[in-house]
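Structural characterization, general
Each chain, written out:
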Amino acid sequence: MEKIYDWKKSENELQKLWNKNKIYAFDVKNKKKIYSIDTPPPTISGSIHMGHAFSYTHADIIARYKRMNNFNVFYPFGFDNNGLPTERLVEKEKNVQAKKMPREEFNKLCLQVSKEYENRFKEFWGNLGLSVDWNLLYSTIDPRVQKLSQRSFIELYKKKREYRKEAPTIWCPECQTAIAQVELEDKELSSTFNDILFEVEGKHITIATTRPELLSSCVAVFVHPDDERYQYLIGKEAKVPLFNYKVPILADKKVDPEKGTGIVMCCTFGDLADIDWWYAYNLPLRISIRNDGFMEKIARKYEGLAIKEARKQIIEDLKKNKLLTSQKSIKHSVNVHERCGIEIEFLVTKQWFIKYLDLKKEFLVLGRKLNWHPKHMKVRYDNWVYGLQWDWLISRQRYFGVPFPVWYCKKCHEVILAEDKQLPVDPLIDKPGKKCKCGSKEFIPEKDVMDTWATSALTPYINSKWKEDQKTFKKIFPMNLRPQAHDIITFWLFNSVVKSYLHNKRLPWKDVVISGHGLDQHGRKMSKSKGNIINPIELLEKYPADAMRYWATGSKLGDDLAYQEKDVETGVKTIIKLWNASKFSFSHLNDYKKEKVKLEFFDKWVLSKLNRIIDESTKDLEKYEYHKLKILISGFFWSTFSDNYLEIIKDRLYNPDKRGKESRKSAQYTLYHSLLSILKLYAPIMPFITDEIYMSYYSGKEKTKSIHISDWPKSDKKMMDNKIEKIGDKAIEVISDVRKFKSENNKSLKAEMILTLDKKDQKDFKDLLNDLKAVTNAKEIKFGKFKVEF
């Protein structure tokens, strides 16, 4: 071993060696039990953040642990590179606009940019030490994946679980596409409550609204049926200010009498309540806002204005006409598109949906059948299911995505599905394989593409080669584990459950492991606007990957973790300590032979503690409690092994003639096996340093190419002895007291002295006196009342 660990050189060489020796390769023909992981495919959006380094490390720890437990680990990797994030990245990087380019040309540009980022991302994951099998790499825009996604669509359509309908949909005017309920975020914004006068039979009523730009969309006015103030209005008509047309005044119990003036205008559409009333009372449709966020013709003089400009001018006109009685500044929570942060609108458009609102009870049952780690994360899933109000909208008015395998007959408007042998298809380029049943050969292609989540939700099917290789599918599906962050429970996890249930009526995996977020040093979410983003790629230039992985295991499963440089530096210190402890150990193991030995007291003591650590760590990892492994092994390695045991056995190792060869052999046996187990316990967390050390000595001895395919240490209950541990711990206290006494008296730790121990410990300490005498440098040990004399 070199004097100093060159981590940059080691990490680079080990990656090459692991790939060359196929250390992490999955073998479908292998008879070992399979452990399969449904790895999250990161979105190609331009950047990798600390959250990636944080949560992907957790999944990798489990993969490495299972591999060392003799599982044939199926650990694929993918990239989610279709949809809006990739489009935005391409538009920004190439200074183009998708809507101003031929779709085919823009998509080629997306594929090119996406590939460049995939290569960068892949390099990062390799540098971080992920033990994925890169031969199982996929992307959600691959022809194979497009084919599978289109198959899914066709099957669900035939099961009558998909439909196309013109209906109110959630619309992002910035991205100019329909979006699903799951893509909404609540954002607190400043706004104004405007008290506006409506006329009823020559008199005025006041309605408070934050959306005066929707006056031209007003189709009714509502009051609560039990609100005595306004019962006289029910059944009458109100004249809409500025636009001077009349709408009915209706009663509904959904009106909150305490909000605003207690009178509500219903517009098509300001919110979900408007949509409910529109359906319930069969109200007319008046659309004031275009798809691009500008005002429609129905808005009259305000046509062509942006929403906020129209709001401003309408308020000015209301003031001029003395129809605005008061204004009140408020802060309220509004729905925004999570991708761009822009307030959403509700527009009537023709979209594709997956029908699932009738299955909410089934989804709740499925949630109960999943093994949640940690358990409390199931609440997020349940709350989402309870709160579902829309079927799943899966169409997007975008460009770079999986096309719907659909055409429409120009004559009879029949939906024409692609044949399986045609897949994957692009209806804008390809034609149906047969004519319509009405006889027509003229078709209108579907221009929309699928929501990226409609494909990403199929990752368990993509990985297990559903409808592609039935033998592989039966071996891998359902998968063992879905690891992911908590913020996409409602996106990825729920939608995966939906797709799997609709296709096979079963769960796609057995266990789900939910990670938290990586935060900045102040515990805040990282964002460009806050200027607090920490780039993990840059950190890997400064620190070893093992040190970053060490930081990533610093929180309980499911908890967020603030990035603290000191935690990474602790990881660096651990790497150095492992290197130095190993160098010391191997220098005394050159002549070690695997043979039976009679163990001395402190050897039994350290092995008892080690076996207990192995036992507890294994139980913790079976429950995915990786952070407990770190706490246990770090405590044992730093304190029990390095600070105490190594110091205790030095005399036996250096002076075999004085202490006896059998005594040295006992120390060598314990040193060999203890250090080997320490390295194996650290290996899932710190794969580079542990394998570098393992290959420098143990690989030849253990006949295994890498620590990562060696056997996980097994605890031996026969080696666990509470009595020995208790006596040994008491002796460690003595050693600590002696060190402290010497330090307080400005004496060297090597200073000789006479040590008097408590009389009551004489019997317990009889088998450890030689080691105790050597480590404390005592000329003589007596029994009486504890005392140190120079």
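See the structure shown above.
Below is a summary of the structure that appears in this document.

The rules behind these values
- Residues numbered from 1 in each chain as written.
- Predicted model: local features only at pLDDT ≥ 70, side-chain atom pairs only at ≥ 80, totals over all residues.
- Heavy atoms only, no water.
- Helix = DSSP H or I, 4+ residues; strand = E, 2+ residues; numbered from the N terminus.
- Buried < 20%, exposed > 50% of the residue type's maximum accessible area, 1.4 Å probe, protein only.
- Contact = heavy atoms within 4.5 Å.
- Areas by Shrake-Rupley, 256 points an atom, 1.4 Å probe, with all protein chains shown as cover.
- Phe/Tyr/Trp six-rings, centres within 6.5 Å; stacked < 30°, edge-to-face > 60°.
- Lys NZ or Arg CZ within 6 Å of the ring centre and 35° of its normal.
- Salt bridge = Lys/Arg side-chain N within 4 Å of Asp/Glu carboxyl O.
- Lys, Arg positive; Asp, Glu negative; His and termini not counted.
- Polar contact = N/O pair within 3.5 Å; in protein donor to acceptor, adjacent residues only side chain to side chain.
- Pairing = 2+ DSSP bridges.
- Expected span 1.5 Å × (residues − 1).
- Axes fitted to C-alpha atoms, helices over the stretch in contact; angles between N-to-C directions.
- Core = buried A, V, L, I, M, F, W, Y, C linked by side-chain atoms within 4.5 Å.
- Parallel < 35°, antiparallel > 145°, perpendicular 65-115°, else oblique.
- Nonpolar A, V, L, I, M, F, W, Y, C, P; charged D, E, K, R; others polar.
- Disulfide = S-S within 2.5 Å.

**Examining the overall build of the protein chain**
Summing up its helical and strand segments, the protein chain has 23 helices and 28 strands in all. Counting only C-alpha atoms, the protein chain reaches 110 × 65 × 45 Å along its principal axes. Per-residue burial over the protein chain gives 56% buried out of 790 residues. For the protein chain, contacts bridging at least 24 residues in sequence account for 77% of all contacts bridging at least 6. Just so you have it, the protein chain exposes about 36100 Å², and 48% of that area is on carbon and sulfur atoms.

**Concerning the packing of aromatic side chains**
Summed over all chains, the structure comprises 56 aromatic pairs. With a centroid separation of 6.2 Å and 15 degrees between ring planes, the pair formed by Phe-346 and Trp-390 is classed as stacked. With Phe-346 in strand 14 (residues 345–354) and Trp-390 in the loop between helix 9 (378–386) and strand 16 (392–393), this residue pair connects regions lying 44 residues apart in the sequence. Assigned by exposure class, Phe-346 and Trp-390 land together as buried. Seen in terms of ring centroids, Phe-601 and Phe-602 are 5.5 Å apart; in terms of plane orientation they differ by 85 degrees. Their pairing is edge-to-face. On the basis of relative accessibility, which here comes to 0%, the residue Phe-602 falls in the buried class. Clustering of aromatic rings is evident, with ring pairs tying together Tyr-56, Phe-77, Phe-79, Tyr-117, Phe-121, Phe-124, Trp-125 and Trp-134. Over the ring of Tyr-501 we find Lys-505, and its NZ or CZ is 4.9 Å from the ring centre.

**Section: the pattern of salt bridges**
With the rule as written, the count across this model stands at 49 salt bridges. Residues participating in the shared-partner salt-bridge network are Glu-600, Asp-603, Asp-651, Arg-652, Lys-658, Arg-659 and Asp-771.

**Describing helix 13 (residues 489–504)**
Where burial is concerned, most of helix 13 is hidden: 15 out of the 16 residues are buried. Of the residues one or two after helix 13, Lys-505 is the one with positive phi, at around 55 degrees.

**Brief notes about the side chain of Asp-391**
Topologically, Asp-391 is positioned in the loop between helix 9 and strand 16. Buried within the structure, Asp-391 lacks any salt-bridge partner; its nearest side chain of opposite charge belongs to Arg-161, at an N-O separation of 6.6 Å. Looking at Asp-391, its side chain comes within polar contact range of the side chain of Tyr-163, at 2.7 Å. In this structure the side chain of Asp-391 is engaged in a polar contact, spanning 3.0 Å, whose partner is the backbone nitrogen of Tyr-356.

**Looking at the sheet that holds strand 14**
The 4 strands lie next to each other as 6-5-14-16, forming an open sheet whose pairing is antiparallel. The open sheet is flanked by strand 6 (177–179) and strand 16, the only strands paired with a single partner.

**Considering unusual backbone geometry**
The step from Thr-268 to Phe-269 runs through a cis peptide bond, and the omega angle for that step is 0 degrees. In this structure, Phe-269 sits in the loop between strand 12 (264–267) and helix 6 (272–280). Within the chain, Asn-95 stands out as a residue other than glycine whose phi angle is a positive 55 degrees. Within the secondary structure, Asn-95 sits in the loop between helix 3 (84–94) and helix 4 (103–128). A residue is classified by how much of its surface remains accessible, and Asn-95, at 71% relative accessible area, is exposed.

**Thoughts on helix 20 (residues 661–682)**
Look at helix 20: 31 Å from first C-alpha to last across 22 residues, which is about the 32 Å you get at 1.5 Å a residue. Taking burial as the measure, the 22 residues of helix 20 include 17 buried ones, the bulk of the element.

**Section: the sheet that holds strand 18 (residues 406–409)**
Across a sheet, paired strands are connected by hydrogen bonds in the backbone, their directions being either parallel or antiparallel. Strand order in the open sheet formed by 3 strands is 19-18-20, with antiparallel pairing between adjacent strands. Each of the sheet's edge strands pairs with one partner strand only, and the pair in question is strand 19 (415–417) and strand 20 (443–445). Here the average twist between neighbouring strands, direction ignored, is 35 degrees. Bridge analysis of strand 18 against strand 19 gives 3 bridges, and the strand direction is antiparallel. If you follow Trp-407 over to strand 19, its bridge partner there is Ile-416.

**Looking at the nonpolar core**
Taken as a class, soluble globular proteins show a tendency for nonpolar side chains to be buried jointly. The biggest cluster of nonpolar side chains holds 128 residues, and the ones touching the most others in it are Trp-125, Trp-551, Tyr-563, Phe-641, Tyr-698, Leu-755 and Leu-772. The greatest single-element share of this core, amounting to 12 residues, is contributed by helix 18 (residues 626–654). In contact with Tyr-563, not counting residues within four places along its chain, are Met-50, Leu-519, Asp-520, Gln-521, Met-526, Ile-534, Leu-539, Tyr-543, Trp-551 and Val-568.

**Here we look at the packing of helix 8 (residues 360–369) against helix 13**
Viewed as axis vectors pointing N to C, helix 8 and helix 13 meet at an angle of 110 degrees, and their least axial separation amounts to 11 Å. By the angle class used here, helix 8 and helix 13 are roughly perpendicular. For the pair helix 8 and helix 13, contact is made by Glu-362, Phe-363 and Leu-366 and by Phe-494, Val-497, Val-498 and Tyr-501, respectively. Per-class residue counts for the contact of helix 8 with helix 13 are 6 nonpolar, no polar and 1 charged.

**Observations regarding the packing of helix 18 against helix 23 (residues 769–776)**
Two elements in contact, helix 18 and helix 23, have axes separated by 8 Å at closest approach and are oriented at 100 degrees. By the angle class used here, helix 18 and helix 23 are roughly perpendicular. Residues Glu-647, Ile-648, Asp-651 and Arg-652 of helix 18 pack against Asp-771, Ala-774 and Val-775 of helix 23. Partitioned by chemical class, the residues of the contact of helix 18 with helix 23 number 3 nonpolar, no polar and 4 charged.

**A short note on the pairing of strand 18**
The side-chain alternation of strand 18 yields two buried faces, one formed by Val-406 and Tyr-408 and the other by Trp-407 and Cys-409. Connecting strand 18 to the antiparallel partner strand 19 that follows it, the hairpin turn spans 5 residues, and His-413 within it adopts a positive phi of roughly 65 degrees. Looking at chain direction, strand 18 and strand 20 are connected through 3 bridges and run antiparallel. Paired with Trp-407 across the two strands is Pro-445, which belongs to strand 20.

**Thoughts on the environment of Leu-540**
In this structure, Leu-540 sits in helix 14 (residues 536–542). Look at Leu-540 and you get buried, because its relative accessible area is 11%. Through-space distance from the C-alpha of Leu-540 to that of Phe-124 is 8.6 Å; in sequence the pair is 416 residues apart. If we skip the residues at most four places from it in the chain, Leu-540 touches Trp-7, Phe-124, Asn-127, Leu-128, Ala-545 and Met-548.

**Points about the environment of Leu-417**
Mapped onto the fold, Leu-417 is located in strand 19. For Leu-417 and Thr-210, which are 207 residues apart along the polypeptide, the C-alpha to C-alpha distance reads 45 Å. Setting aside residues up to four positions removed in sequence, Leu-417 forms contacts with Phe-153, Ile-154, Tyr-157, Lys-158, Pro-405, Val-406 and Trp-407.

**Section: the state of the cysteines**
Under the definition given, this model contains 0 disulfides. The closest cysteine sulfur to the non-disulfide-bonded Cys-172 is located on Cys-340, 3.5 Å from its own sulfur. Take Cys-438: it sits in no disulfide, and the sulfur closest to it among the cysteines is that of Cys-409, at 3.6 Å.

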